[in-house]
Amino acid sequence: MKSPLKIINQITLVFILSLWSITVFGQRNYISHQIDGQNLEINTNDGQIIVRPFDKQIVETQFYPKGVETLPLSEAVIMAPNKLMVKAKDEGAFVSFSVEGGMTVKVNKKPLQISYYHNGEKLLEESRGYFDADTLKGFKFKIQEGEALYGAGERALPLDRRGHRLPLYNKAAYGNEEFAPQMNYGMPLMISSKNYALLYDNAPIGFIDVGKTKKDELSFETIGGRSSYVVVAGNDFKDLMNEFTNLTGKQPLPPLWMFGNFASRFGYHSQEEVETTVAEFREKEVPLDAIILDLYWFGKEIKGTMGNLDWYREAFPQPEQMMQKLKEENVNTILITEPFIVTSSSKWEEAVEKEVLGTDQFGKPYVYEFFFGETGLVDVFKPEAQDWFWNIYKGLIEQGVSGWWGDLGEPEVHPSELQHVNGSADEVHNVYGHQWAKIIHDGYRKDFPEVRPFVLMRSGYVGSQRYGLVPWSGDVSRSFGGLVPQSQIAMTMGMSGIPYMHSDLGGFVNWGRTKEEVTELYVRWLQYGVFQPVYRPHAQEMIPSEVIHYTGETFDIVKSYIEYRYKMLPYNYTLAFENSTTGMPLLRPLFVEESNNASLQNLSDTYMWGDAYLVAPITEKGGRERKLYLPKGHNWYHLWTNEKYEGGNWVTVDAPLKGLPVFVKGGSIIPLATKNLQSTNEYTSEELTFQIWKDAEVKEHKRVMFADDGKSRSSIDNQQYQLLSVTTKLSKKGMEVTLSQTGDYKGAPSMRKITLEIHNMSGIPSGVGIGKKNKPSDKCDMGYDKKNNILYVSLEWNGEEKTVYIMDPKKK
């Protein structure tokens, strides 16, 4: 069995020599050009280039070698070109092709090179464009001075990928720590600090060389496939995210319960263990929304049972009743599945008979060895296999399963000789997880159209977000080294359109450590977990991942952070709505706050959670202080102490074990749940707290909060939701807080109890008026925390626009 990686490495030297010969002996020459509809066609001595605009800020460039009339379909792009006004002008040495109100493409005739401009500035320029070096094919571009390049998918590397040659071959990095240049989820995609995205729209295996072989050159290299790339321009970071996800698809709004706490380990061996675990969460009043069952749900042993895809009834005698009981406890059941059908599984004969497996060159099931046994692989590209696989999922959903964990979906072992219905393993390897997620997504849409799927998978492709895929960073080491790259990984994937990348909180691979040795790490990782997309502790079972199995300070700290995660539910859910409608990631780099600061281009150990929180994880054993940067243009307030810090400075702050360094941007308005919650099902927007971080330098600020029923798949499309707006305005006499509301949905509260929690109040206000300025403060439901300078104002609100006037304290 040939290793795909060995094959790639063997052809690298051949590729370099072939490229040298092409550079010396061959050059692409411009012959002529013409406009066809709204596309620019460039005729060359060795083929044809087509420049095709999708909209004003998105342009695709395709190369058709001589003899090639069609390109393979894109796996990443779903956008259809808009109707646009274009014009081409021959300027002598070059051809200028412009989209009215948008990008300009310049085609230099000799040498033939294409460059891209937006708002009068050059974004990108080819160095030699398309190349064919026999073993590897692709495109080459110039890297500009001072340009940072992000992306290439999930990698444990610096945020800026310059100086690295990266395999485009999804592969698990078991037990990885701070350095892992190849992981489960690669992407042929670069995001530039110059506010453009460059997508090499091609799935087969290969490399991205980001200035490693040649310092100022970016090279996309694959074994074949689609000779096309897309340039996406943004006016700023937020605009770029919106444009890119218009091109590749927006992430559907997840179910509200996804933002709660998960119980997960490798693994729960029985129905009794599952029910006992949930009962203990409830007894100890630790919030919980889901429990994940690893592979013991379908078999007693790790090996020899994969592919059963049905309950192991000896250990789980009444799964339907179990899941119903969990539902009554507001806990959702998630099952692991894998695409491998081992020959000793109960589904093997059926899979062979129905011809749903990848084959050898003779059309027979391709059988090979891997860790879990002798196996075949479901051909997820084959329509008959898609139907077969989905019907298994459908039956389990009807039993009561709420979500899915798709594991080993790179696929973990994928021999080059294996054939799929649409190509060889190496040609489709990188889109296998993408297609698997699509099967589940499309199945829900057909058979459960109003259910929001939960699809946890560790591998995918550009655009997998549109299928609701929620990835995690694989089997990371249970060590501080494993924690270090997690914010960078989530940040990179968020910039690449994949907003819910997260990690096994606490770390997965134990490497023989004791519980005492990893307890501090456990606390630090689970603190970080509150301010990232999915709160899912998971680990090998010799040391528990669930906080209910800890005591004392560890239990108290982690429980309090989980409770804060639930308190943040309206804020986090609003971030999810923003992502589903604009593509803006939940976890964001600091340079979003200070875009002209080049020193932030490669900073990933501090980040923004939404637009209000700045988070600085503690990633060193024994770390009790943290140096971090606070972006200029704002004051920043320590979340736990209320201490004020001026932006534009590096600061060193205390970080006791109970205190993760978290700051709030001055002027922020943060919607929070007023009630203490044990599950997201207990949450409604009927009682809300708006935490207002008053800052004298922020004269006006507005927060829009999203609310719906938390479960209906079509709530955004059918406009079944409300947007609650809170606006603050400072005046010479005090502060005005205005509440307003638009939209509606079934079950929306007719009346809400609102608490305004206003920080940085210097004293008891001289007056508080609701609806009119002269209402005295002693007639209003309010309170003042003198120690922390916090004012609380409570009111009943029916959704009509209402202003609360808060007069400054009387001067002594």
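Residues numbered from 1 in each chain as written. Predicted model: local features only at pLDDT ≥ 70, side-chain atom pairs only at ≥ 80, totals over all residues. Heavy atoms only, no water.

## A word on the overall build of the protein chain
For clarity, the cut-off: Secondary structure elements are defined from DSSP: runs of H or I of at least 4 residues count as helices, runs of E of at least 2 residues count as strands, and each element is numbered from the N terminus. Throughout, radius of gyration means the C-alpha value; the globule benchmark is 2.2 Å times the number of residues raised to the power 0.38. Think of it in three bands: residues with accessible area under 20% of the maximum for their type are buried, residues over 50% are exposed, and the middle band is partly exposed, with areas taken using a 1.4 Å probe on protein chains only. Throughout, a contact is declared for two residues whenever any of their heavy atoms are within 4.5 Å. Here Asp and Glu are counted as negative and Lys and Arg as positive; His is not counted, and neither are the chain ends. By convention, the charge on Lys lies at NZ, on Arg at CZ, on Asp at CG and on Glu at CD.
What the protein chain contains, in helices and strands, is 13 helices and 46 strands. Scaling as 2.2 N^0.38, a compact globule of 812 residues should have a C-alpha radius of gyration of about 28 Å, and the protein chain matches this with 28 Å. Once the C-alpha set of the protein chain is aligned to its principal axes, its extents read approximately 85 × 75 × 50 Å. Each of the 812 residues in the protein chain was classed as buried or not, and the buried ones make up 63%. At a minimum sequence separation of 6, the contacts of the protein chain that also span at least 24 residues come to 69%. Between the centroid of the 88 positive side chains of the protein chain and the centroid of its 103 negative side chains there is a distance of 7 Å.

## Some thoughts on the sheet that holds strand E44 (residues 782-785)
For the record, the criterion: In short, DSSP must find at least two bridges between two strands for them to pair. Throughout, an axis means a line fitted to C-alpha atoms (over the contacting stretch in the case of helices), and angles, computed between N-to-C directions, take values from 0 to 180 degrees.
What the five strands build is an open sheet, ordered E37-E38-E42-E45-E44; its pairing is mixed. In this open sheet, the two strands that pair with only one neighbour each are strand E37 (669-673) and E44. The sheet shows a mean angle of 20 degrees between the axes of neighbouring strands, taken without regard to direction. Summarising the sheet, E37 and strand E38 (residues 687-693) pair through five bridges and their orientation is antiparallel. By the bridge assignment, Ile670 is partnered in E38 with Gln691.

## What about the sheet that holds strand E36 (residues 662-665)?
Reading across from one edge, E29-E30-E31-E36-E33-E34 is the order of the six strands in this open sheet, with antiparallel pairing throughout. The open sheet has two edge strands, strand E29 (587-589) and strand E34 (644-646), and neither has a second partner. Here the strands of the sheet are splayed against their neighbours by 35 degrees on average, with no regard to which way each runs. With three bridges connecting them, strand E33 (residues 635-638) and E34 associate as antiparallel partners. Of the residues in E34, the one forming a bridge with Asn635 is Glu646. Most of the contacts of helix H13 (residues 569-582) go to strand E30 (residues 607-609), to which it runs at about 100 degrees, and overall it touches E29, E30 and strand E31 (613-615).

## What about the nonpolar core?
Counted only if it meets this: We define the nonpolar core as a collection of buried residues of types Ala, Val, Leu, Ile, Met, Phe, Trp, Tyr and Cys that are connected through side-chain atoms lying within 4.5 Å of one another.
Residues Leu293, Phe531, Trp609, Tyr613 and Leu756 are the most contacted members of the largest nonpolar core, which totals 214 residues. The contacts of Leu293, once residues within four sequence positions are left out, are Tyr268, Val274, Trp311, Phe316, Met322, Thr333, Ile334, Leu335 and Ile336. Judged by nonpolar contacts, the second largest core, of 37 residues, contains Phe97, Ile114, Phe141 and Tyr196.

## Re unusual backbone geometry
Note the cis peptide between Lys110 and Pro111, where omega equals -5 degrees. Along the chain, Pro111 turns up in the loop between strand E7 (104-108) and strand E8 (113-118). Here Phe266 and Gly267 are connected by a cis peptide whose omega angle stands at -10 degrees. When you line up the elements, Gly267 lands in the loop between strand E18 (262-264) and helix H3 (271-283). You will see that Asn195, though not glycine, has its phi angle at about 65 degrees, which is positive. Relative to the helices and strands, Asn195 is located in the loop between strand E13 (186-192) and strand E14 (196-200). You can call Asn195 partly exposed: its relative accessible area is 22%. Of note, Asn330 is a non-glycine position whose phi angle comes to about 60 degrees, a positive value. Counting through the fold element by element, Asn330 comes out in the loop between helix H4 (319-328) and strand E20 (332-337).

## A few points about the packing of helix H2 (residues 237-248) against H13
So the rule is basically this: Angles are sorted into four bins: roughly parallel if under 35 degrees, roughly antiparallel if over 145, roughly perpendicular if 65 to 115, and oblique for all others.
Remark: H2 packs on H13, axes separated minimally by 8 Å, with the N-to-C direction vectors making an angle of 60 degrees. Relative to H13, H2 is oriented oblique. Contact residues: H2 offers Lys238, Met241, Asn242 and Thr245, while H13 offers Glu578, Thr581 and Thr582.

## Let's talk about H2
Inclusion rule: Multiplying 1.5 Å by the residue count of a helix minus one yields the expected span of that helix. A 3.5 Å cut-off defines polar contacts: any pair of N or O atoms within that distance qualifies, except that in protein one atom must be a possible hydrogen donor and the other a possible acceptor, and neighbouring residues in sequence count only when both atoms are side-chain atoms.
Across its twelve residues, H2 extends 17 Å between first and last C-alpha, which sits within 8% of the 16 Å expected from 1.5 Å per residue. By the N-cap criterion, in which a side-chain oxygen at the helix start approaches the backbone nitrogen of a residue two or three places on, H2 is capped by Asp236, the distance to Lys238 being 3.3 Å. A positive phi of about 110 degrees marks Gly249, the residue just after H2.

## Some remarks on the pairing of strand E42 (residues 752-759)
Both faces of the sheet carry side chains from a regular strand, because those side chains alternate between them. Burial of E42 is extensive: seven of the eight residues sit out of reach of the surface. Bridging between E38 and E42 involves seven bridges; their strand directions are parallel. Each residue of the ladder has a partner; that of Phe690, found in E42, is Leu756. Bridge count between E42 and strand E45 (residues 790-797): eight bridges; the pairing is antiparallel. Counterpart to Lys753 in the pairing with E45 is Glu796.

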